Amino acid sequence: MIDSWSLEHCSSEKPVPTFSRNALWLRSLGRFALAIAAVAIWAGGIHGVEVHSAESNGQSGAGIRTLPPPRPVDLRPQQQSLPSSEPADPSARPVGASPADLPNPESGAACLAGLRALYGTRVRAANADTAKSEDAACRVESPVLVEALEMGAVPVVFEPPVTLSCEMATKAAEFLLISVQPLAKGYFGRDLVGLRAGGGQECRRRNRAATGPLSEHATGRALDIFGFVLAGEAGGLKVSVERPEDTVQHRFLLAVRQAACGAFTTSIGPGADAAHADHLHLDIQARRSPSTRFCQ
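So, a few notes on the structure that sits alongside this text.

What counts and how
- Residues numbered from 1 in each chain as written.
- Predicted model: local features only at pLDDT ≥ 70, side-chain atom pairs only at ≥ 80, totals over all residues.
- Heavy atoms only, no water.
- Helix = DSSP H or I, 4+ residues; strand = E, 2+ residues; numbered from the N terminus.
- Buried < 20%, exposed > 50% of the residue type's maximum accessible area, 1.4 Å probe, protein only.
- Contact = heavy atoms within 4.5 Å.
- Salt bridge = Lys/Arg side-chain N within 4 Å of Asp/Glu carboxyl O.
- Phe/Tyr/Trp six-rings, centres within 6.5 Å; stacked < 30°, edge-to-face > 60°.
- Axes fitted to C-alpha atoms, helices over the stretch in contact; angles between N-to-C directions.
- Parallel < 35°, antiparallel > 145°, perpendicular 65-115°, else oblique.
- Left-handed = near helix turned anticlockwise from the far one by under 90°.
- Nonpolar A, V, L, I, M, F, W, Y, C, P; charged D, E, K, R; others polar.

Here we take up the side chain of Gln 249. Its place among the elements puts Gln 249 in helix α6 (residues 247-263). Residue classification places Gln 249 among the buried positions, given a relative accessible area of 2%. Those residues in contact with Gln 249, other than ones at most four positions away along the chain, are Phe 188, Leu 237, Lys 238, Val 239 and Pro 244.

Let us look at the pattern of salt bridges. Tallied over the entire structure, the rule returns six salt bridges. Across the salt bridge formed by Arg 124 and Glu 147, the nearest N and O atoms sit 2.6 Å from each other. One end of the pair, Arg 124, is in strand β1 (residues 123-125); the other, Glu 147, is in strand β2 (residues 143-151), with 23 residues separating them in the sequence. Linked through salt bridges whose partners overlap, the residues forming this network are Glu 167, Glu 216 and Arg 221.

On inspection of all chains with the given rule, the structure shows four aromatic pairs. Here Phe 175 and Phe 264 contribute two aromatic rings whose centre-to-centre distance is 5.3 Å and whose plane-to-plane angle is 75 degrees, an arrangement assigned as edge-to-face. Remark: Phe 264 occurs in the loop between α6 and β7 (266-268) and Phe 175 occurs in helix α5 (residues 166-188); sequence separation between them is 89 residues. For the pair Phe 175 and Phe 264, a shared accessibility class is recorded, and that class is buried. Here Tyr 187 and Phe 252 contribute two aromatic rings whose centre-to-centre distance is 6.2 Å and whose plane-to-plane angle is 70 degrees, an arrangement assigned as edge-to-face. Of the two residues, Tyr 187 is situated in helix α5 and Phe 252 in helix α6; the sequence distance between them amounts to 65 residues. Of the residues examined, Phe 252 reaches a relative accessible area of 0% and is grouped as buried. Ring pairs connect the aromatic residues Tyr 187, Phe 188, Phe 228 and Phe 252, which therefore count as one cluster.

For the pair α5 and α6, interaxial distance at closest approach is 10 Å and the crossing angle is 155 degrees. It follows from the interaxial angle that α5 and α6 lie roughly antiparallel. With respect to the hand of their crossing, α5 and α6 are arranged in right-handed fashion. Contact residues: Lys 171, Phe 175, Ser 179, Val 180, Leu 183, Ala 184, Tyr 187 and Phe 188 in α5; Val 248, Gln 249, Arg 251, Phe 252, Ala 255, Val 256, Ala 259, Ala 260 and Ala 263 in α6. Residue classes in the contact of α5 with α6 are distributed as 13 nonpolar, two polar and two charged.

Here the bond from Glu 159 into Pro 160 is cis, since omega is -5 degrees, no more than 30 degrees from zero. As for its position among the elements, Pro 160 is in strand β3 (residues 154-165). Positive phi values are uncommon outside glycine, yet Ser 142 reaches one of about 55 degrees. Relative to the assigned elements, Ser 142 resides in the loop between α4 (128-131) and β2. For Ser 142, a relative accessible area of 22% puts it in the partly exposed group.

Written out as structure tokens, the structure is:
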């Protein structure tokens with residue numbers, strides 16, 4: 001028989017001393033006191049914010065929103081005035097003139113020199129009398145006569161030669177080199193060698209109407225294209241803007257028109273109206289935004 005003394009001394013559990021139980025109780029009491037103090041401090045802070053908000057907004061204590069105090073004046077960002085875009089001396093600029101309106105006597109010569117350096121000597125300054133008109137509004141800025149543009153080993157001949165402003169001639173040359181020539185090689189495996197052109201500089205109104213705004217042709221800033229000539233058999237392969245002969249030519253012309261919509265501010269062709277049923281009209285009319293396009 002196992003007596004009570006054996007059970008007491010064989011047990012693994014030992015009684016907890018009295019002083020240890022007292023220490024645990026005191027520790028729990030201390031933690032509880034600290035928690036109460038923290039809640040009191042937090043409540044006091046919220047109350048202070050509410051009181052400040054009530055004083056700042058002149059509201060009653062009921063329904064006050066908890067808003068932070070305003071930033072001290074010395075820490076607020078300082079508002080700096082932007083520099084004025086107007087000249088210090090208003091008389092230094094002509095009335096109604098902008099920098100783009102001021103004449104640049106070397107612009108025409110520099111433009112022509114750049115064209116000849118890139119596309120050969122069959123671009124030259126146009127006869128001054130050719131670009132003159134009785135209407136002062138039909139003045140061509142830096143007129144040039146384009147007979148052909150050399151693009152690598154193959155020149156693109158304009159039939160007939162056209163008079164354009166130097167700016168328009170530059171745009172047309174870039175368009176033929178960057179867009180039309182690669183499209184001709186891609187669709188036909190041939191080089192572009194000719195352009196059936198027309199309607200360069202011509203002092204007239206839009207669509208040859210008797211009244212209305214002047215056409216961009218009046219200032220040499222427009223070009224009409226009736227067809228493209230590709231290298232090949234005698235006389236070359238001709239692609240008519242008005243009447244493409246097959247699906248390949250139709251797709252080529254469609255791709256050319258899509259490219260023209262990005263290269264020029266105006267691009268109008270067959271299907272737009274009766275006045276453009278047989279040719280593609282391209283111009284660089286100035287618009288409100290440089291990215292604005294009129295494409296039909």
